[in-house]
Amino acid sequence: MTDFQALADRPVIIGGGLAGLAAALEAAPRPVVLITAGTLSDGAASLWSQGGIAAAIGADDDVTLHGADTIAAGDGLCDPVAVARIIGAGPSVIERLVALGVGFDRDATGAIALGLEAAHARRRIVHVRDHTGAAVTAAAAASVRAAAHVTLIEHAAALQIATHEGRVIGVWIATPDQIVFLRTGAVLVATGGAAGLYRASSAPSGATGSGLALAAEAGATLRDLEFMQFHPTGLDAGASPLPLISEAVRGEGAVLVDETGARFIDELLPRDVVARAIHAHQSQNHHCFLDARAIGARFHTRFPSIAASCARAGIDPAHMPMPVTPVAHYHMGGIAVDAAGQSSVPGLFAAGEAASTGLHGANRLASNSLLEAFVTGADVGFLFRTLDATGADQRIGLVSGPAADPASLRMIRSVMDRDLFVQRNRAGLRRAMAELLPLATRNQAALVALMMAVAAYDRHESRGGHATSDYPARSAAAPISSTLTRASALQRAQAILRQRIAA
Ligand SMILES: Cc1cc2nc3c(=O)[nH]c(=O)nc-3n(C[C@H](O)[C@H](O)[C@H](O)COP(=O)(O)OP(=O)(O)OC[C@H]3O[C@@H](n4cnc5c(N)ncnc54)[C@H](O)[C@@H]3O)c2cc1C
């Protein structure tokens, strides 16, 4: 059994995805603790990433062009300084990953092969066939397992980040044997995204924004929570989460059709536009399919993981159209952090999808998130080398509610699929708040869902990953990020619901 007292006053990294692994590696030689809810081989979206990592390493490319594409996709809300910093690190991240042993696909000359994805002006997607995330994460995980400075504790879920006088003093952790308090003054939340709050989701089912709730309960400010990226093509064959059919399949010539065989949208338009078109077509009682028969037998060698998911559903994409539906995929919002990864609570840091770094704005450019996870995780790890991580003994016991019990999670997912999906409206958002508010003070998933609903309700425009039929256009006013704390979100939800009753 782990001796947690012996680990006191070390920086603690929560999450074993790419952001947490990069932080742990970069912290060397400072001793750090890495806890993760499952193992390093499951539970992380990083393991599921298909397309690849965007990096401006082509002869015709440079980081300024990559940054410009990122800002265009972000629909007015990117922080140009964060974009320059994170995108600028792309080429060196690829070198670092090659040094870690990642065998990226190469072209006939031996150079790293570069794929093209929607809204990228150049070929810059570095990949390992269609399982880049698994290859990259496995390499980083192997290095972490071998690193003497990292104490890795698997099957250990963070339940609560304890604070005293506004600073982090420790973290409550549940292991299979016990609930323990680990004293520390420095915690990195690298717990991934919140797309698992939806039933129609491509993300691991544990991606319920638990790190956002941990941070919010500790008093941190969260940002841009209304912006969820929906991927147009989840494989609609009964599984949940839904296997993703990468954009690259459309890039190779697959077309979107309905049950009559008719095309209804240009499938190479931006993700959010295609997702809304499919949703609208489904609302008129159509069924939607991705027809990749033109790719033929090559589908199996070019997209082996997707072909395997299809085979499990009894579909051969070389000969049959694949049923598809939009899925919640990537959460642009998260814990507001500065360039050092520091949140509004001293001692509480965030990286990767759990953080709102300013890179993605209102809409993420495809394949920028593995890059962000590595860069922002490593930045915090570097800081941890010299940071004072002295915590303090617990002042109060564990007060958090459960992350989410299965029955509550089912209810939350049905609310999210109904009222916070690709096309929202204020009546639906109010209904969602009314159903989530009673749970939000004692259930972490409900708290995050409620905060997303409040942020969506208060954005009076459609932009990026937030579309509402009440305000279908972008606002002419200068775009600003939304920020919420737990307290302000609960108060705002109560006020909105009172207004409705008064009306
Ligand atoms: C199907 C799919 C395909 C994708 N394809 C791409 C792609 O091609 N390119 C790209 O750039 N991005 C892609 N993404 C997005 C990308 O995978 C993620 O944004 C990125 O991997 C996030 O990394 P992370 O380390 O922040 O979080 P994750 O990799 O999700 O890791 C989070 C970790 O935190 C742990 N955890 C969560 N809560 C707790 C807790 N309370 N206590 C302890 N541990 C906890 C989890 O178990 C997990 O280990 C894809 C995502 C999906 C779902």
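## Focus on the site of the ligand
So, point 1. The environment of the ligand is formed by 37 residues, the closest being Ser46, Ser49, Gly52, Glu353 and Ser369.
So, point 2. For the ligand, an oxygen atom lies 2.8 Å from a polar atom in the backbone of Gly51.
So, point 3. Contacts to the ligand include Ser210, whose side-chain N or O atom sits 2.9 Å from a nitrogen atom.
So, point 4. Broken down by secondary-structure element, the contributors of at least two residues to the shell around the ligand are α1 (18-26), β7 (157-164), β15 (322-331) and α11 (369-384).
So, point 5. With three residues, the top contributor of residues to the shell around the ligand is α11.
So, point 6. Among the residues making up the shell around the ligand, the classes are represented as 16 nonpolar, 19 polar and two charged.

## Describing the pairing of strand β8 (residues 167-174)
So, point 1. With six of eight residues buried, β8 lies mostly within the body of the structure.
So, point 2. Where β7 folds back on β8, the antiparallel hairpin that results is connected by two residues, among which Glu165 adopts a positive phi of roughly 50 degrees.
So, point 3. Bridging between β8 and strand β9 (residues 179-183) involves five bridges; their strand directions are antiparallel. Residue pairing in the sheet places Trp172 in a bridge with Phe181 of β9.
So, point 4. What sits between β8 and β9 in their antiparallel hairpin is a turn of four residues.

## Quick look at helix α4 (residues 90-99)
So, point 1. Of all the residues in α4, the buried ones are Gly90, Val93, Ile94 and Leu97. On an axial view of α4, the arc spanned by its buried residues comes to 100 degrees, and they lie on one face. Exposed side of α4, more than 90 degrees from the buried face: Glu95 and Ala99 are the residues found there.
So, point 2. Gly101 occupies a position one or two residues after α4 and carries a positive phi of about 105 degrees.

## A look at the nonpolar core
So, point 1. Grouped together as the largest cluster of nonpolar side chains are 80 residues, with contacts concentrated most on Ile161, Leu197, Tyr198, Ile335 and Met433.
So, point 2. The leading source of residues in this core is helix α14 (residues 444-457), at 13 residues.
So, point 3. Beyond its immediate stretch of four places on either side in the chain, Ile161 contacts Ile14, Val168, Gly170, Val171, Val187, Val189, Leu214, Ala218 and Leu348.
So, point 4. In this structure, Leu100, Val128, Ala139 and Ala190 belong to the second largest nonpolar core, which totals 51 residues.

## Let's talk about the domain arrangement of the chain
Many analyses report the size of an interface as the accessible area lost when the parts associate.
So, point 1. Per the domain assignment, the segments of the chain are domain 1 (4-193 + 332-384), domain 2 (235-326) and domain 3 (401-502).
So, point 2. Once you take the C-alpha centre of each, domain 1 and domain 2 turn out to be 29 Å apart.
So, point 3. With nine residues of domain 1 at the interface, the matching set in domain 2 holds twelve residues.
So, point 4. Roughly 900 Å² is buried in total at the junction of domain 1 and domain 2, and carbon and sulfur atoms are behind 48% of that figure.
So, point 5. The largest per-residue losses of area from domain 1 upon contact with domain 2 belong to Gln50, Ala118 and Asp130, which jointly make up 51% of the total buried on that side.
So, point 6. On inspection of domain 1 and its partner domain 2, the count reaches zero salt bridges.

Basis of the calculations
Residues numbered from 1 in each chain as written. Predicted model: local features only at pLDDT ≥ 70, side-chain atom pairs only at ≥ 80, totals over all residues. Heavy atoms only, no water. Near = heavy atom within 4 Å. Polar contact = N/O pair within 3.5 Å; in protein donor to acceptor, adjacent residues only side chain to side chain. Helix = DSSP H or I, 4+ residues; strand = E, 2+ residues; numbered from the N terminus. Nonpolar A, V, L, I, M, F, W, Y, C, P; charged D, E, K, R; others polar. Buried < 20%, exposed > 50% of the residue type's maximum accessible area, 1.4 Å probe, protein only. Pairing = 2+ DSSP bridges. Arc of directions from axis to C-beta. Core = buried A, V, L, I, M, F, W, Y, C linked by side-chain atoms within 4.5 Å. Contact = heavy atoms within 4.5 Å. Domains from an automatic or database assignment. Buried area = accessible area lost by both parts, 1.4 Å probe. Salt bridge = Lys/Arg side-chain N within 4 Å of Asp/Glu carboxyl O.

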